[in-house]
Amino acid sequence: MDHTLYSKIDQITLRILNGGEMSADEGRWMIRLDDDYTPWLMASADRIRKNFRGNQIEVCAIANVRSGNCSRNCNFCSQSGHHNTDSPTYDYIPTEDLVAQAKQAREWGASDFGVVSKGWGVRSDKESEKLEEYFNAMDDGSDIGRCASLGALSKDSAAKLKGIGMENYHHNLECAESYFDKVCTSHSYQENIDTINNAREAGLRVCAGGILGMGESLDQRIEMADTLRQLNVESVPLNFLSPVVGTPMAKQTPMEPYEILRAIATYRFMLPQAEIRIAGGRQHLGDMQSMIFMAGASGVMIGDYLTTKGRNVSDDIKMIKDLKLEIRGNTQQRREQKQVQAASA
Ligand code: SF4
């Protein structure tokens, strides 16, 4: 056991608590720490989370409103029309089904609900009208935050979506720029970055992260964290690849629990103020799922994922309560803060 490593973790922790940053070099060192040092790293990440995000956990949920046969070739995705998977294919779900799912999510405690559609942006008036119908229906009698994930956004479409009621936009980088050509070749990394910037410029809250465990190196995990930091992303969803039969990543070995926890903790150090929310692939943690929060996560997606079943929601809620954490049901509060900021700008 090398006690200087504990001291180095402590030094970086104190620097961050005092408003400083961790360098990418330090991130590359941290994500390589042995399992032996990981509990200490997690305890330090927990301290940073509490300092910047308090004792509250942000909970969100999603609906897959249009699925399958996507024109893009993302190698991890069961919905790509380029791969041979048994993922369901369907057009927009009925509005009443979406509203029922959003209502259920709010009852569970979710502050935000994401309308997720396969494909690459809003390409027709028909699509935009359907989304407006969804947002209006979600807004009727509910204060749940209206999110969407619809692929690339131009400046114009971001402004238009904001105008029809969207509040948050989710668009993952997926991975580091240096690994992106191993993940997807039907669009560029720059389109992902432009989408994030366009959403922010339109006044939307941006949620952007990626998927770990797709064969990228440890350095590339830090490269993505560094890019997210440069883009000043407020909410960072982390997924851990669940290999899907029929995709080019079907044979990828899932990440091990300590490797996942170390990645979450290192992201907390790299992005101390961000809402780091854990999404797909939590099941790879097995009995260690509750440790995501001790590793620095401040949010979690509950319910089902796009094409796979999620964990039992009552187990998730109990897990949060047993850890003496609270669920942040703060959509209305966040809206009011935005109004105050806009008025004083
Ligand atoms: S991740 Fe999105 S854009 Fe890529 S193939 Fe899947 S649905 Fe299409």
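Residues numbered from 1 in each chain as written. Predicted model: local features only at pLDDT ≥ 70, side-chain atom pairs only at ≥ 80, totals over all residues. Heavy atoms only, no water.

Counting through the fold element by element, Leu5 comes out in helix H1 (residues 3-17). Taking the C-alpha atoms as reference points, Leu5 and Trp40, separated by 35 residues in sequence, lie 9.9 Å from one another. Every residue in contact with Leu5, bar those within four places of it in the chain, is listed here: Trp29, Leu33 and Tyr37. (Helix = DSSP H or I, 4+ residues; strand = E, 2+ residues; numbered from the N terminus. Contact = heavy atoms within 4.5 Å.)

In this section: the side chain of Asn73. Relative to the helices and strands, Asn73 resides in the loop between strand S1 (56-66) and helix H4 (95-108). A polar side-chain atom of Asn73 sits 2.7 Å from a polar atom in the side chain of Thr185. In contact with Asn73, other than residues within four places in its own chain, are Ser80, His82, His83, Val183, Cys184, Thr185 and Ser186. (Polar contact = N/O pair within 3.5 Å; in protein donor to acceptor, adjacent residues only side chain to side chain.)

This brings us to the pattern of salt bridges. On inspection of all chains with the given rule, the structure shows 26 salt bridges. Two residues, Lys50 and Asp46, come together in a salt bridge whose shortest N-O distance is 3.0 Å. Of this pair, Lys50 and Asp46 both sit in helix H3 (residues 38-53), four residues apart, which is roughly one turn of the helix. For Asp316, the salt bridge goes to Arg311, with nearest N and O atoms at 2.5 Å. A relative accessible area of 1% means that Asp316 is categorised as buried. According to the relative accessible area criterion, Arg311 is partly exposed, its value standing at 30%. Because the salt bridges share partners, they merge into one network encompassing Arg53, Glu58, Arg205, Glu275, Arg277 and Arg328. (Salt bridge = Lys/Arg side-chain N within 4 Å of Asp/Glu carboxyl O. Buried < 20%, exposed > 50% of the residue type's maximum accessible area, 1.4 Å probe, protein only.)

What follows is about the environment of Phe240. Mapped onto the elements, Phe240 comes out in strand S7 (residues 235-240). Among the residues examined, Phe240 registers a relative accessible area of 1% and is labelled buried. Sequence separation of Phe240 and Gly280 is 40 residues, and the distance between their C-alpha atoms is 6.1 Å.

This paragraph deals with the pairing of S1. Taking burial as the measure, the eleven residues of S1 include ten buried ones, the bulk of the element. In this sheet, strand S10 (residues 326-327) lies alongside S1 in parallel orientation, the contact comprising two bridges. Residue pairing in the sheet places Gln56 in a bridge with Glu326 of S10. Inspection of the sheet shows S1 paired to strand S2 (residues 112-117) by six bridges, in the parallel sense. Residue pairing across strands places Ala61 opposite Phe113, the latter belonging to S2. (Pairing = 2+ DSSP bridges.)

Moving on to the packing of aromatic side chains. Following the criterion strictly, the structure yields four aromatic pairs and no others. Ring centres 5.6 Å apart and planes at 90° place the aromatic pair Tyr6 and Trp40 in the edge-to-face group. Of this pair, Tyr6 sits in helix H1 while Trp40 sits in helix H3, placing them 34 residues apart in sequence. For Tyr6, a relative accessible area of 16% translates into the label buried. (Phe/Tyr/Trp six-rings, centres within 6.5 Å; stacked < 30°, edge-to-face > 60°.)

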